[in-house]
Amino acid sequence: MKRKHLSRGSALMLVVIAALLLIVLTGAAYTYIKSSGSTYQWSRERIQAKLTAESGAHLAIHMILGGADIPQGKLPEWFLGGEGTWFDLPAPLGQVKVSVDPNEMNDQIITANAYEVRSLGKVAGVEGSTFFGFAAGIMPENIARFSVFQHNPGDNVYIGDGFVFDGPYYANGPVRIYSESASNTDDPFFYSFTTTADHYLYGTNATLNPPHVTTPQYGNLEIRPINRHLMGEPWFNLNADPIPYGSDELNWESARNAALSGGIYLQSPDIGDGTRIVLHKDTVMVQPFAGAPVQYFRIGEYANPVVWIDLPENDNTVYIKGSSSTNASGLSRALTVGTNGNLAVAGTILYQDGNPQNPDNDVLLGLLAVYGHTLIAHPNTDNTGWDPLFAVATRGDLEVDAVMVSLDGNFQAELQLPTLPVPRHSMFLLGGFMYQRKGATATNANDGVWKGHDVQIYFDPRLMTMHPPYFPNNGRWHTLFWEARPDMDERLMMANTY
């Protein structure tokens, strides 16, 4: 009997414990379900706010590209909505406020009128709605933003071992890329590769019917850095939209007009074919003919830092170099040098401040040939009668700190099949090239010995928001960055931080 009562007591205790556990579990489940529902609701609102903010930024940029008024000073201004006013987007999107913050350097001639568009989105009609922010940087499309731009690549020259393009590369058409070495250590390097074609050509200019390749890895070739390019866009980008280019597409006249109205304007018969220019700190030195007196122009004494040399278009060449191979004598003022004909690099050209990461460094050089070519001067160019300072010095390695542009011409060696220097030397460019197509700068023709100059590009990061004075653009805009800012609020919307 006693054992029976004990058994019944144990069973009752188990029922009580089970009931308590059920109550606890039910409460926990209710709390979890309630919490999950709240989390779901919050996540849904946050996603909708994010999509709304992104849509507001898209709308504002579309309006700006269409010609809407934007701030002309340095302070941010409301663009859509305003303080205390929300702008309604079409359903099911919510409401946005959009502001535009001009870049602090927009009033300077070396900047490209960059703007930061900020958009704050929320769900309409929801008390205590979740906010979400987006920001985008936009600026007019200046051709100086590329490390290399080829408008008409052609198929008679290829990019081979040793080529380095340390910045955005763009081509309006297919290009030839090839590696002759079994090793990949010296294969062509592209920071990013973009072409309007759906392929590139694998082979040299002597390859018949070269394969049409759509991947960064083929045969002996691994476009460096291969892991980056294997990810595809934006590093390896085929079928890109074409960009207009050429003397009839870009407003190069702004540079010439700036020289006419307040810069250094030189024309025939005071100058002629073969004119020599030397850049020394803040001074432009010009010897117009062999034996002629040297002319000196202090850049700071002119309202517009532009040198324009107006010569007939047919095969007139202007030679330009720096005064020495040390930064101490390098260019210390922003400057653009332009001419109708050919512009030939006659030696090293350096900035006095060789650090493009210095936030106070605003010295940029633009070299612009409208109808002619940009050239590497032949080392054996006749220096008879010229002041020794103006002698062509391209027999060794070169460094050129500049943006070099040929609107209707090519970039190439002055001698189409270069015979000097031997062995082949390097030309390092801090800046970028823009041209119709690349001609030969080095060759191993006839004797199998490489001669001329390999070209290596080191992109100047300042060119993302800056350009040489009065440099041409094509009137289009492009996006510098596009980023989510989840914690943006109205105070940050109007902060003068760009």
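Residues numbered from 1 in each chain as written. Predicted model: local features only at pLDDT ≥ 70, side-chain atom pairs only at ≥ 80, totals over all residues. Heavy atoms only, no water.

Trainee: Would you mind showing me how to read helix α3 (residues 253-262) here?
Mentor: Residue pairs three or four apart in sequence face the same way in an α-helix, which turns once every 3.6 residues. Residues Ala255, Ala258, Ala259 and Gly262 constitute the buried set of α3. Buried residues of α3, viewed axially, fall in a sector of 110 degrees; they line one side. (Buried < 20%, exposed > 50% of the residue type's maximum accessible area, 1.4 Å probe, protein only. Helix = DSSP H or I, 4+ residues; strand = E, 2+ residues; numbered from the N terminus. Arc of directions from axis to C-beta.)

Trainee: Explanation requested: a negative patch on the surface in the structure shown.
Mentor: Together, Asp248, Glu249, Glu313 and Asp408 give the surface a local cluster of negative charge. Looking at the element boundaries, Glu313 is found in the loop between β20 (306-310) and β21 (317-322). (Patch = residues over 30% accessible without salt bridge, like charges linked within 9 Å, V, L, I, M, F, W, Y side chains within 5 Å. Areas by Shrake-Rupley, 256 points an atom, 1.4 Å probe, with all protein chains shown as cover. Salt bridge = Lys/Arg side-chain N within 4 Å of Asp/Glu carboxyl O. Lys, Arg positive; Asp, Glu negative; His and termini not counted. Charge placed at Lys NZ, Arg CZ, Asp CG, Glu CD.)

Trainee: What is the right way to look at the nonpolar core in this model?
Mentor: If you look at soluble globular proteins, the nonpolar side chains tend to sit buried side by side. Membership of the largest hydrophobic core comes to 82 residues, with the highest contact counts inside it found for Leu365 and Phe433. Leu365 has contacts with Leu279, Leu331, Leu335, Val337, Ile349, Tyr351, Asp401, Ala402, Val403 and Pro468, leaving out every residue within four places of it along the chain. (Core = buried A, V, L, I, M, F, W, Y, C linked by side-chain atoms within 4.5 Å. Contact = heavy atoms within 4.5 Å.)

Trainee: Looking at this structure, I do not really get the side chain of Asn172. What am I missing?
Mentor: Tracing the sequence through the fold places Asn172 in the loop between β8 (164-171) and β9 (176-177). A residue is classified by how much of its surface remains accessible, and Asn172, at 14% relative accessible area, is buried. A polar contact is formed between the side chain of Asn172 and the side chain of His151, at a distance of 2.9 Å. Within the local environment of Asn172, its side chain forms a polar contact with the side chain of Tyr170, the two groups lying 2.6 Å apart. For Asn172, the contacting residues outside a window of four places in its chain are Phe149, Gln150, His151, Pro153, Thr196, Pro242 and Ile243. (Polar contact = N/O pair within 3.5 Å; in protein donor to acceptor, adjacent residues only side chain to side chain.)

Trainee: Teacher, can you tell me more about empty space enclosed by the protein here?
Mentor: A probe matching the size of a water molecule, rolled over the atoms, marks out where space remains unfilled. Throughout the structure, instances matching the rule amount to three cavities of 30 Å³ or more. The volume enclosed by the largest cavity comes to roughly 70 Å³. Lining the largest cavity are Gln150, Pro153, Gly154, Val157, Tyr158, Ile159, Tyr169, Val175, Arg176 and Lys438. One number sums up the size of the second largest cavity: a volume of about 50 Å³. Taken together, Ile376, Ala377, His378, Pro379, Ala413, Glu414, Leu415, Pro418, Leu420, Thr441, Gly452 and His453 form the lining of the second largest cavity. (1 Å grid on protein atoms, 1.4 Å probe; cavity = no way out; pocket = protein on both sides within 12 Å on 5 of 7 lines; lining within 4 Å. Points joined across faces, edges and corners; volume = space filled by probe spheres on them.)

Trainee: In this structure, what is going on with the sheet that holds strand β27 (residues 411-413)? I would like to understand it.
Mentor: Working definition: the strands of a sheet are paired by backbone hydrogen bonds and lie parallel or antiparallel to each other. Strand order in the open sheet made by the seven strands is β19-β18-β17-β21-β23-β25-β27, with mixed pairing throughout. Looking at the sheet topology across the chains shown, the edges are occupied by β19 (295-298) and β27. Neighbour to neighbour, the strand axes of the sheet diverge by 25 degrees on average, direction disregarded. Summarising the sheet, β21 and strand β23 (residues 342-345) pair through four bridges and their orientation is parallel. Paired with Tyr319 across the strands is Ala344, a residue of β23. (Pairing = 2+ DSSP bridges. Axes fitted to C-alpha atoms, helices over the stretch in contact; angles between N-to-C directions.)

Trainee: When you look at the pattern of salt bridges in this model, what are you seeing that I'm missing?
Mentor: Following the criterion strictly, the structure yields ten salt bridges and no others. A salt bridge links Arg424 to Asp454, with the nearest nitrogen and oxygen atoms 3.4 Å apart. You can see Arg424 sitting in the loop between β27 and β28 (425-435) and its partner Asp454 sitting in strand β30 (residues 451-458), a full 30 residues away along the chain. Look at Arg424 and you get partly exposed, because its relative accessible area is 29%.

Trainee: Please explain unusual backbone geometry as it appears in this structure.
Mentor: Residue Pro92 follows Ala91 across a cis peptide bond; omega there is 10 degrees. As for its placement among the helices and strands, Pro92 is situated in the loop between β2 (87-88) and β3 (95-102). Note that the residue after Leu420, namely Pro421, is joined by a cis bond; omega there is -10 degrees. Looking at the secondary structure, you find Pro421 in the loop between β27 and β28. For Asn209, which is not a glycine, the phi torsion comes out positive at approximately 50 degrees. Within the secondary structure, Asn209 sits in the loop between β11 (200-202) and β12 (212-213). Here the phi dihedral of Asn239 falls at roughly 60 degrees; this positive angle occurs in a residue that is not glycine. Here Asn239 shows up in the loop between β15 (236-237) and α3.

Trainee: Quick question: what am I supposed to make of the layout of surface pockets here?
Mentor: The volume enclosed by the largest pocket comes to roughly 700 Å³. In terms of lining, the largest pocket is formed by 22 residues, of which the most central are Arg145, Phe146, Pro168, Thr194 and Pro234. Of the residues forming the lining of the largest pocket, the biggest block, four residues, is contributed by strand β31 (residues 473-485). Broken down by class, the residue content of the lining of the largest pocket amounts to twelve nonpolar, five polar and five charged. The calculated volume of the second largest pocket comes to roughly 500 Å³. Lining the second largest pocket are 26 residues, and of these Val157, Tyr158, Ala442, Thr443 and Trp450 lie nearest its centre. Looking at the lining of the second largest pocket, its residues break down into nine nonpolar, eleven polar and six charged. (Nonpolar A, V, L, I, M, F, W, Y, C, P; charged D, E, K, R; others polar.)

Trainee: How do you make sense of the sheet that holds β9 when you look at a structure like this?
Mentor: The four strands lie next to each other as β7-β9-β11-β12, forming an open sheet whose pairing is mixed. Single-partner strands in this sheet number two, and they are β7 (158-159) and β12. In the sheet, β11 pairs with β12 via two bridges, with the strands oriented antiparallel. The residue bridging Leu201 from the neighbouring strand is His212, located in β12.

Trainee: I'm lost on the pairing of strand β16 (residues 264-267) in this one. Help?
Mentor: Every other side chain in a regular strand lies on the same face of the sheet, so the side chains alternate between the two faces. Alternating residues of β16 divide into Ile264 and Leu266, all buried, and Tyr265 and Gln267, none buried. Pairing analysis gives four bridges linking β16 to β20, with the strands arranged parallel. Bridge pairing in β20 places Gln267 opposite Asp310.

Trainee: Would you take a moment to explain the environment of Asp447 for this structure?
Mentor: Along the chain, Asp447 turns up in the loop between β29 (442-443) and β30. For Asp447, a relative accessible area of 48% puts it in the partly exposed group. A distance of 2.8 Å separates the side chain of Asp447 from the side chain of Lys451, its partner in a polar contact.

Trainee: How should I be thinking about the packing of aromatic side chains in this particular structure?
Mentor: Two numbers describe a pair of aromatic rings. These are the distance of the centres and the angle of the planes. Following the criterion strictly, the structure yields 28 aromatic pairs and no others. Ring centres of Phe132 and Phe134 lie 6.1 Å apart, and the angle between their planes is 40 degrees; this geometry places the pair in the tilted category. Across the pair, Phe134 and Phe132 agree in class, each one buried. For the pair Trp252 and Trp308, a centre-to-centre distance of 5.9 Å together with 15 degrees between the ring planes defines the contact as stacked. In this pair, Trp252 is assigned in the loop between β15 and α3 and Trp308 in strand β20, connecting sequence segments 56 residues apart. Like Trp252, the residue Trp308 is buried in the burial classification. Above the ring of Trp386, the side-chain terminus of Arg276 is found at 4.2 Å from the ring centroid. (Phe/Tyr/Trp six-rings, centres within 6.5 Å; stacked < 30°, edge-to-face > 60°. Lys NZ or Arg CZ within 6 Å of the ring centre and 35° of its normal.)

Take it as geometry only, folks, not as evidence of what the structure does.
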